[in-house]
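Analysis of the macromolecular model
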Amino acid sequence: MEDLDIRPAHGAVELKDVHFRTLDDLTCHHAAMNLQWTDDSLSISDLNLKTTLNQLSGNFALSFKENRPVQMDLDFKGFPLNPSEFDVLVPDLEKWDQSAWINLQASGNTEHIDIQQLDLGYGAMTRLSLNGHLDHLKNEQLRQVNVMVNNITTNRMDLLDLVSRLDAEVKLPHNLSSLGLIQFSGVINGKSNDWRAYGDLYTGIGDVKGDVDIDLDDDSYSGFVVTEQFDLGAYYHTPDWGG
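Residues numbered from 1 in each chain as written. Predicted model: local features only at pLDDT ≥ 70, side-chain atom pairs only at ≥ 80, totals over all residues. Heavy atoms only, no water.

1. A word on the nonpolar core
Ranked by internal contacts, the top residues of the largest apolar core, which has 17 residues, are L49, L56, I102, L104, I115, L118 and L130. Residue assignment for this core shows that the elements contributing at least two residues are β2 (27-38), β6 (100-108), β7 (112-122), β8 (126-135) and β9 (144-154). It is β6 that contributes the most residues to this core, three residues altogether. The residues touching L118, leaving out its near neighbours within four places in the chain, are I102, N103, L104, L128, S129 and L130. Ranked by size, the runner-up nonpolar core spans seven residues in total, among them L176, I182, I205 and V208. (Core = buried A, V, L, I, M, F, W, Y, C linked by side-chain atoms within 4.5 Å. Buried < 20%, exposed > 50% of the residue type's maximum accessible area, 1.4 Å probe, protein only. Helix = DSSP H or I, 4+ residues; strand = E, 2+ residues; numbered from the N terminus. Contact = heavy atoms within 4.5 Å.)

Following this line, the structure appears as C-alpha coordinates:
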(Lines give C-alpha, C1' and ligand atoms only; values in the text may rest on other atoms or scores of the structure.)
Protein backbone atom coordinates (compact mmCIF):
# COMPACT_ATOMS: atom_id res chain seq x y z
CA MET A 1 0.00 0.00 0.00
CA GLU A 2 2.87 2.39 0.69
CA ASP A 3 3.84 2.25 -3.00
CA LEU A 4 0.39 3.27 -4.19
CA ASP A 5 -0.33 6.83 -5.24
CA ILE A 6 -4.09 7.19 -5.57
CA ARG A 7 -3.87 10.86 -6.60
CA PRO A 8 -3.94 11.21 -10.38
CA ALA A 9 -1.59 13.80 -11.87
CA HIS A 10 -4.48 15.29 -13.84
CA GLY A 11 -8.12 15.26 -12.92
CA ALA A 12 -11.42 17.05 -12.69
CA VAL A 13 -14.44 16.88 -10.41
CA GLU A 14 -17.79 18.56 -10.93
CA LEU A 15 -20.08 19.20 -7.97
CA LYS A 16 -23.61 20.02 -9.08
CA ASP A 17 -25.70 20.23 -5.91
CA VAL A 18 -24.21 19.48 -2.51
CA HIS A 19 -25.90 20.39 0.75
CA PHE A 20 -24.98 19.61 4.34
CA ARG A 21 -25.23 20.73 7.94
CA THR A 22 -22.35 20.66 10.41
CA LEU A 23 -22.52 19.83 14.10
CA ASP A 24 -22.10 23.56 14.77
CA ASP A 25 -25.24 24.35 12.76
CA LEU A 26 -23.50 25.77 9.71
CA THR A 27 -25.98 24.89 6.98
CA CYS A 28 -25.06 24.74 3.29
CA HIS A 29 -28.23 24.85 1.23
CA HIS A 30 -26.42 24.53 -2.10
CA ALA A 31 -22.83 24.11 -3.29
CA ALA A 32 -21.61 23.66 -6.84
CA MET A 33 -18.21 24.03 -8.52
CA ASN A 34 -15.76 22.60 -11.01
CA LEU A 35 -12.45 21.41 -9.56
CA GLN A 36 -9.48 20.72 -11.83
CA TRP A 37 -5.84 19.93 -11.12
CA THR A 38 -2.59 19.05 -12.84
CA ASP A 39 0.98 18.55 -11.66
CA ASP A 40 1.49 22.29 -11.39
CA SER A 41 -1.96 23.85 -11.07
CA LEU A 42 -5.22 23.79 -9.16
CA SER A 43 -8.39 25.63 -10.08
CA ILE A 44 -11.91 26.05 -8.78
CA SER A 45 -14.33 27.55 -11.28
CA ASP A 46 -18.03 28.38 -11.29
CA LEU A 47 -18.16 28.26 -7.50
CA ASN A 48 -21.65 28.81 -6.14
CA LEU A 49 -22.16 28.45 -2.40
CA LYS A 50 -25.36 29.32 -0.59
CA THR A 51 -25.68 29.13 3.17
CA THR A 52 -28.27 30.62 5.49
CA LEU A 53 -26.57 34.04 5.57
CA ASN A 54 -24.20 33.99 2.58
CA GLN A 55 -24.27 33.74 -1.19
CA LEU A 56 -20.73 33.28 -2.53
CA SER A 57 -19.50 32.79 -6.08
CA GLY A 58 -16.30 33.04 -8.07
CA ASN A 59 -13.21 31.45 -9.54
CA PHE A 60 -9.86 30.62 -7.94
CA ALA A 61 -6.64 29.32 -9.49
CA LEU A 62 -3.19 28.38 -8.22
CA SER A 63 -0.14 27.78 -10.37
CA PHE A 64 2.94 25.96 -9.04
CA LYS A 65 5.99 26.65 -11.20
CA GLU A 66 9.39 25.28 -10.27
CA ASN A 67 11.65 27.86 -8.62
CA ARG A 68 8.90 30.47 -8.71
CA PRO A 69 6.46 31.73 -6.07
CA VAL A 70 3.01 30.18 -6.16
CA GLN A 71 0.82 32.30 -8.45
CA MET A 72 -2.78 33.06 -7.44
CA ASP A 73 -5.73 34.41 -9.43
CA LEU A 74 -9.00 35.25 -7.69
CA ASP A 75 -12.41 36.45 -8.80
CA PHE A 76 -14.73 36.43 -5.78
CA LYS A 77 -18.19 37.79 -5.07
CA GLY A 78 -20.22 37.68 -1.88
CA PHE A 79 -23.73 39.06 -1.93
CA PRO A 80 -24.78 38.93 0.80
CA LEU A 81 -21.65 38.31 2.87
CA ASN A 82 -21.90 37.64 6.61
CA PRO A 83 -18.53 36.40 7.96
CA SER A 84 -19.91 35.52 11.41
CA GLU A 85 -21.59 32.43 9.96
CA PHE A 86 -18.14 30.87 9.47
CA ASP A 87 -17.01 31.36 13.07
CA VAL A 88 -16.98 27.56 13.42
CA LEU A 89 -13.92 27.69 11.16
CA VAL A 90 -12.43 31.02 12.33
CA PRO A 91 -13.67 31.98 15.83
CA ASP A 92 -12.63 35.64 15.45
CA LEU A 93 -15.29 36.07 12.78
CA GLU A 94 -18.05 35.82 15.38
CA LYS A 95 -18.07 39.59 15.98
CA TRP A 96 -18.55 40.37 12.26
CA ASP A 97 -22.27 39.68 12.16
CA GLN A 98 -23.21 42.72 10.08
CA SER A 99 -24.32 41.83 6.57
CA ALA A 100 -22.09 43.17 3.79
CA TRP A 101 -21.19 42.51 0.17
CA ILE A 102 -17.92 42.23 -1.73
CA ASN A 103 -16.59 42.05 -5.27
CA LEU A 104 -12.87 41.27 -5.55
CA GLN A 105 -10.55 40.57 -8.47
CA ALA A 106 -6.91 40.03 -7.54
CA SER A 107 -3.79 38.15 -8.61
CA GLY A 108 -0.31 37.70 -7.29
CA ASN A 109 2.02 35.58 -5.22
CA THR A 110 3.73 35.55 -1.84
CA GLU A 111 5.78 38.63 -2.81
CA HIS A 112 3.28 40.79 -4.65
CA ILE A 113 -0.51 41.11 -4.89
CA ASP A 114 -2.23 43.14 -7.57
CA ILE A 115 -5.78 44.22 -6.69
CA GLN A 116 -7.50 44.89 -9.99
CA GLN A 117 -10.75 45.83 -8.27
CA LEU A 118 -12.21 45.77 -4.78
CA ASP A 119 -15.78 46.90 -4.17
CA LEU A 120 -17.21 46.58 -0.67
CA GLY A 121 -20.47 47.55 0.98
CA TYR A 122 -21.08 47.59 4.72
CA GLY A 123 -23.78 48.89 7.02
CA ALA A 124 -26.30 51.50 5.93
CA MET A 125 -24.02 53.88 4.00
CA THR A 126 -20.46 52.55 3.77
CA ARG A 127 -19.20 51.86 0.26
CA LEU A 128 -15.61 51.30 -0.87
CA SER A 129 -14.11 51.07 -4.34
CA LEU A 130 -10.35 50.82 -4.91
CA ASN A 131 -7.50 49.19 -6.82
CA GLY A 132 -3.79 48.95 -6.17
CA HIS A 133 -0.98 46.62 -5.23
CA LEU A 134 0.92 45.27 -2.25
CA ASP A 135 4.67 44.70 -2.61
CA HIS A 136 7.51 42.96 -0.72
CA LEU A 137 5.05 40.99 1.41
CA LYS A 138 7.73 38.74 2.93
CA ASN A 139 9.88 41.63 4.14
CA GLU A 140 8.27 43.56 6.98
CA GLN A 141 10.66 46.50 6.57
CA LEU A 142 10.11 46.85 2.81
CA ARG A 143 6.43 45.85 2.71
CA GLN A 144 4.58 48.54 0.79
CA VAL A 145 0.97 49.46 0.04
CA ASN A 146 -0.11 51.54 -2.96
CA VAL A 147 -3.85 52.07 -3.28
CA MET A 148 -5.94 54.23 -5.57
CA VAL A 149 -9.17 54.96 -3.72
CA ASN A 150 -11.87 55.60 -6.32
CA ASN A 151 -14.41 56.23 -3.60
CA ILE A 152 -15.02 55.75 0.10
CA THR A 153 -18.42 56.77 1.40
CA THR A 154 -19.49 56.42 5.03
CA ASN A 155 -21.12 58.18 7.97
CA ARG A 156 -20.68 58.40 11.72
CA MET A 157 -22.97 55.48 12.60
CA ASP A 158 -21.18 53.06 10.28
CA LEU A 159 -17.77 54.29 11.50
CA LEU A 160 -18.80 53.78 15.13
CA ASP A 161 -19.90 50.24 14.32
CA LEU A 162 -16.70 49.39 12.42
CA VAL A 163 -14.36 50.86 15.02
CA SER A 164 -16.15 49.11 17.90
CA ARG A 165 -15.63 45.76 16.17
CA LEU A 166 -11.97 46.46 15.39
CA ASP A 167 -11.02 47.95 18.76
CA ALA A 168 -13.61 48.74 21.41
CA GLU A 169 -11.18 51.07 23.21
CA VAL A 170 -10.95 53.52 20.31
CA LYS A 171 -13.34 56.45 20.66
CA LEU A 172 -14.37 58.65 17.75
CA PRO A 173 -14.99 62.39 18.27
CA HIS A 174 -18.62 63.25 19.01
CA ASN A 175 -18.69 66.07 16.48
CA LEU A 176 -18.04 63.59 13.68
CA SER A 177 -21.81 63.48 13.22
CA SER A 178 -21.77 67.10 12.04
CA LEU A 179 -19.92 66.01 8.88
CA GLY A 180 -22.94 64.12 7.63
CA LEU A 181 -22.13 61.89 4.68
CA ILE A 182 -18.34 61.57 4.27
CA GLN A 183 -16.72 60.79 0.91
CA PHE A 184 -13.05 60.45 -0.02
CA SER A 185 -11.16 59.80 -3.24
CA GLY A 186 -7.41 59.84 -3.63
CA VAL A 187 -4.24 57.84 -3.09
CA ILE A 188 -2.87 56.09 -0.02
CA ASN A 189 0.62 54.62 -0.05
CA GLY A 190 3.33 53.78 2.42
CA LYS A 191 5.31 51.17 4.25
CA SER A 192 5.91 50.27 7.86
CA ASN A 193 5.25 53.46 9.84
CA ASP A 194 5.70 55.99 7.01
CA TRP A 195 2.53 56.82 5.06
CA ARG A 196 1.24 59.37 2.59
CA ALA A 197 -2.36 60.22 1.74
CA TYR A 198 -3.56 62.78 -0.75
CA GLY A 199 -6.92 63.46 -2.31
CA ASP A 200 -10.28 65.09 -1.78
CA LEU A 201 -12.62 64.77 1.21
CA TYR A 202 -16.24 65.79 0.79
CA THR A 203 -18.61 66.31 3.73
CA GLY A 204 -21.99 67.82 4.44
CA ILE A 205 -20.39 71.01 5.82
CA GLY A 206 -17.66 71.60 3.25
CA ASP A 207 -14.76 70.02 1.40
CA VAL A 208 -11.11 69.41 2.22
CA LYS A 209 -8.20 68.83 -0.17
CA GLY A 210 -4.85 67.69 1.14
CA ASP A 211 -1.51 65.96 0.76
CA VAL A 212 -0.20 64.66 4.07
CA ASP A 213 2.81 62.56 5.10
CA ILE A 214 2.32 60.64 8.34
CA ASP A 215 5.16 59.30 10.48
CA LEU A 216 3.77 56.82 13.00
CA ASP A 217 7.12 56.42 14.76
CA ASP A 218 6.91 59.89 16.30
CA ASP A 219 3.20 60.62 15.65
CA SER A 220 4.04 63.53 13.37
CA TYR A 221 2.70 64.68 10.05
CA SER A 222 3.59 67.22 7.38
CA GLY A 223 1.98 68.51 4.22
CA PHE A 224 -0.92 70.79 3.46
CA VAL A 225 -4.67 70.89 3.85
CA VAL A 226 -6.95 73.31 1.99
CA THR A 227 -10.60 73.79 2.92
CA GLU A 228 -13.34 74.90 0.55
CA GLN A 229 -16.33 76.51 2.29
CA PHE A 230 -15.79 74.23 5.27
CA ASP A 231 -18.00 75.32 8.17
CA LEU A 232 -15.77 75.09 11.26
CA GLY A 233 -18.56 76.57 13.34
CA ALA A 234 -20.84 73.66 12.49
CA TYR A 235 -18.07 71.13 13.15
CA TYR A 236 -17.15 72.52 16.58
CA HIS A 237 -20.73 73.56 17.40
CA THR A 238 -19.58 77.17 17.67
CA PRO A 239 -21.90 79.32 15.51
CA ASP A 240 -19.79 82.46 16.07
CA TRP A 241 -17.05 80.94 13.91
CA GLY A 242 -19.28 80.91 10.87
CA GLY A 243 -18.47 79.11 7.61
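2. Regarding the pattern of salt bridges
The full count for this structure, using the stated rule, is seven salt bridges. Measuring nitrogen to oxygen at the nearest pair gives 2.7 Å for the salt bridge that ties D97 to R165. Highlighted residues: D97 in the loop between β5 (71-81) and β6 and R165 in helix α1 (residues 156-166), separated in sequence by 68 residues. Between K209 and D200 there is a salt bridge whose closest N-O contact spans 3.1 Å. (Salt bridge = Lys/Arg side-chain N within 4 Å of Asp/Glu carboxyl O.)

3. Some remarks on α1
Of the positions making up α1, those classed as buried are D158, D161, V163 and R165. Considering only its buried residues, α1 is in contact with β7, β8 and β9.

4. Quick notes on a negative patch on the surface
Together, D194, D213, D217, D218 and D219 make up a negatively charged patch on the protein surface. Accessibility expressed as a relative area gives 34% for D213, which makes it partly exposed. (Patch = residues over 30% accessible without salt bridge, like charges linked within 9 Å, V, L, I, M, F, W, Y side chains within 5 Å. Areas by Shrake-Rupley, 256 points an atom, 1.4 Å probe, with all protein chains shown as cover. Lys, Arg positive; Asp, Glu negative; His and termini not counted. Charge placed at Lys NZ, Arg CZ, Asp CG, Glu CD.)

5. Considerations on the packing of aromatic side chains
Summed over the entire model, instances satisfying the criterion amount to two aromatic pairs. Centre to centre, the rings of F230 and Y235 are 6.3 Å apart; their planes meet at 50 degrees, and the pair counts as tilted. Ring centres of Y235 and Y236 lie 4.9 Å apart, and the angle between their planes is 85 degrees; on these two criteria the pair is classed as edge-to-face. Y235 gets classed as buried once you look at its relative accessible area, which sits at 16%. Assessed through its relative accessible area of 45%, Y236 is described here as partly exposed. Ring pairing ties together the aromatic residues F230, Y235 and Y236, which thus form one cluster. (Phe/Tyr/Trp six-rings, centres within 6.5 Å; stacked < 30°, edge-to-face > 60°.)

6. Regarding the side chain of R165
Exposure remark for R165: the relative accessible area of 16% places this residue in the buried category. A distance of 2.4 Å separates a polar atom in the side chain of R165 from the backbone oxygen of K95. Not counting residues up to four positions away in its chain, the partners in contact with R165 are K95, W96, D97, Q98 and Y122. (Polar contact = N/O pair within 3.5 Å; in protein donor to acceptor, adjacent residues only side chain to side chain.)

7. Examining unusual backbone geometry
The omega torsion of the bond from F79 to P80 falls at 0 degrees, within 30 degrees of zero and hence cis. Among the structural elements, P80 can be located in strand β5. One non-glycine residue, D46, adopts positive backbone phi at about 55 degrees. Relative to the assigned elements, D46 resides in strand β3 (residues 41-51). Although it is not a glycine, S192 adopts a positive phi angle of roughly 50 degrees.

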